[in-house]
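# A look at the structure
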Amino acid sequence: MAVTDPSAPAVPAESGTAATEGPARPNPSQAAHHHPHRVAQGESAQEESEGPGERLNRRWNELLQETRVAQTGVQILFGFLLSVAFTAGFRDLGTLDRTIYVTTVVLGAAATGSLIAPVSIHRFLAGQRMKEELVETAHRLMMLGMVLLALTIGSTLLLILRVVLPGVIAEILVAGVMLYFALCWYALPLWLRRRADRDDAV
């Protein structure tokens, strides 16, 4: 039989047993999972509470993250294109294939320039209090760079598939890939944006 000292201080209950003392608080992550509309309303309210400077900084940071992803892809692709001209099989290409290759390299260079341009513009305009102009210009260059990147990928596929596949099969496959890019990169975002505008109007 255990002997207890009545003069000893009471030991506080552990966190595991404290749940019975009051109502449990909902987990924010669970609430967000079960109530996506509340999350969207919270995000929109947070955006509305942003000041002009905070909004520009957020947009600029988002542009930088997106540009890094696109830059990695275009740089790898552009490096591959430059190495093709020094391979032994390049001499066997016909006039049309050489034209496609030159077009592809030019498109890749233009895409690289468009996606890296925001960094150069930011360096020149740093400290000039032109953040709004910088963000808008970087946005347009980013969109242009994505178009040029899609065309570069399509031209590269056309150049490779013309060597591997006979007839018009290469052109058909490239057309299908470019249609897929158009749907994923442009049609889908526009559709989601219009659906969100309709939901907000209700």
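What this report covers is the structure whose coordinates are included nearby. On a predicted model such as this, the values are computed, not experimentally measured, just so you know. (Residues numbered from 1 in each chain as written. Predicted model: local features only at pLDDT ≥ 70, side-chain atom pairs only at ≥ 80, totals over all residues. Heavy atoms only, no water.)

Glancing now at the overall build of the protein chain. Secondary structure summary: the protein chain contains 6 helices and 0 strands in total. In sequence order, the protein chain lays out its α and β elements as α-α-α-α-α-α. Contacts spanning at least 24 positions in sequence make up 71% of the contacts within the protein chain whose residues lie at least 6 apart. As presented, the protein chain carries roughly 14,800 Å² of accessible surface, and 63% of it is formed by carbon and sulfur atoms. (Helix = DSSP H or I, 4+ residues; strand = E, 2+ residues; numbered from the N terminus. Contact = heavy atoms within 4.5 Å. Areas by Shrake-Rupley, 256 points an atom, 1.4 Å probe, with all protein chains shown as cover.)

Following the criterion strictly, the structure yields 2 aromatic pairs and no others. Aromatic pair F90 and Y101: ring centres 5.0 Å apart, planes at 65°, arrangement edge-to-face. Taken together, the residues span a long stretch of sequence, with F90 in the loop between helix 3 (52-84) and helix 4 (95-125) and Y101 in helix 4 at a distance of 11 residues. Each member of the pair F90 and Y101 is classed as buried. (Phe/Tyr/Trp six-rings, centres within 6.5 Å; stacked < 30°, edge-to-face > 60°. Buried < 20%, exposed > 50% of the residue type's maximum accessible area, 1.4 Å probe, protein only.)

What follows is about the nonpolar core. Core analysis: the largest hydrophobic core is formed by 15 residues, its most contacted members being W60, L63, A70, V74, L115, V135 and M142. Among the elements of the structure, helix 3, helix 4 and helix 5 (131-164) are those that each provide at least two residues to this core. If one sorts the elements of this core by residue count, helix 5 sits on top with 7 residues. Discounting chain neighbours no more than four positions away, the residues touching V74 are G108, A111, T112, L115 and L149. With 14 residues, the next largest nonpolar core counts I100, Y101, A170 and V174 among its residues. (Core = buried A, V, L, I, M, F, W, Y, C linked by side-chain atoms within 4.5 Å.)

The terminal C-alpha atoms of helix 4 lie 44 Å apart, and with 31 residues this matches the ideal 45 Å at 1.5 Å per residue to within 8%. Of all the bends in helix 4, the greatest reaches close to 40° and is centred on I116; the proline P118 follows between one and four positions later. G127 lies just past helix 4 and shows a positive phi near 80°. (Expected span 1.5 Å × (residues − 1). Bend = angle between axes of the 7 residues up to and from the residue.)

Residues F80, I160, V163 and V164 make up a contiguous nonpolar surface patch of roughly 370 Å² in combined accessible area. Top contributing element to the nonpolar patch by residue count: helix 5, with 3 residues. Structurally, the position occupied by I160 is in helix 5. (Patch = residues over 30% accessible without salt bridge, like charges linked within 9 Å, V, L, I, M, F, W, Y side chains within 5 Å. Salt bridge = Lys/Arg side-chain N within 4 Å of Asp/Glu carboxyl O.)

Mapped onto the secondary structure, T152 falls in helix 5. Overall, the relative accessible area of 1% leaves T152 in the buried class. The residues contacting T152, other than those within four sequence positions of it, are L77, L81, T104, L107, G108 and A111.

Attention shifts here to the packing of helix 5 against helix 6 (residues 169-201). Two elements in contact, helix 5 and helix 6, have axes separated by 9 Å at closest approach and are oriented at 160°. The angle between the axes of helix 5 and helix 6 places the two elements in the roughly antiparallel class. Relative to helix 6, helix 5 is oriented so that their crossing is right-handed. For the pair helix 5 and helix 6, contact is made by M143, M146, V147, L149, A150, L151, I153, G154, L157, L158, L161 and R162 and by A170, E171, L173, V174, V177, M178, F181, W185 and Y186, respectively. Of the residues in the contact of helix 5 with helix 6, the class split is 18 nonpolar, 1 polar and 2 charged. (Axes fitted to C-alpha atoms, helices over the stretch in contact; angles between N-to-C directions. Parallel < 35°, antiparallel > 145°, perpendicular 65-115°, else oblique. Left-handed = near helix turned anticlockwise from the far one by under 90°. Nonpolar A, V, L, I, M, F, W, Y, C, P; charged D, E, K, R; others polar.)

Moving on: the pattern of salt bridges. The full count for this structure, using the stated rule, is 4 salt bridges. With a shortest N-O distance of 3.1 Å, E136 and R59 are connected by a salt bridge. With E136 in helix 5 and R59 in helix 3, this pair connects stretches of sequence that are 77 residues apart. Owing to a relative accessible area of 27%, E136 belongs among the partly exposed residues under this scheme. Residue R162 pairs with E171 through a salt bridge whose shortest N-O separation is 3.2 Å. Look at R162 and you get partly exposed, because its relative accessible area is 29%. Overlapping salt bridges bring together D97, R162 and E171 as one network.

Without other data, these values stay purely geometric and don't point to any function.
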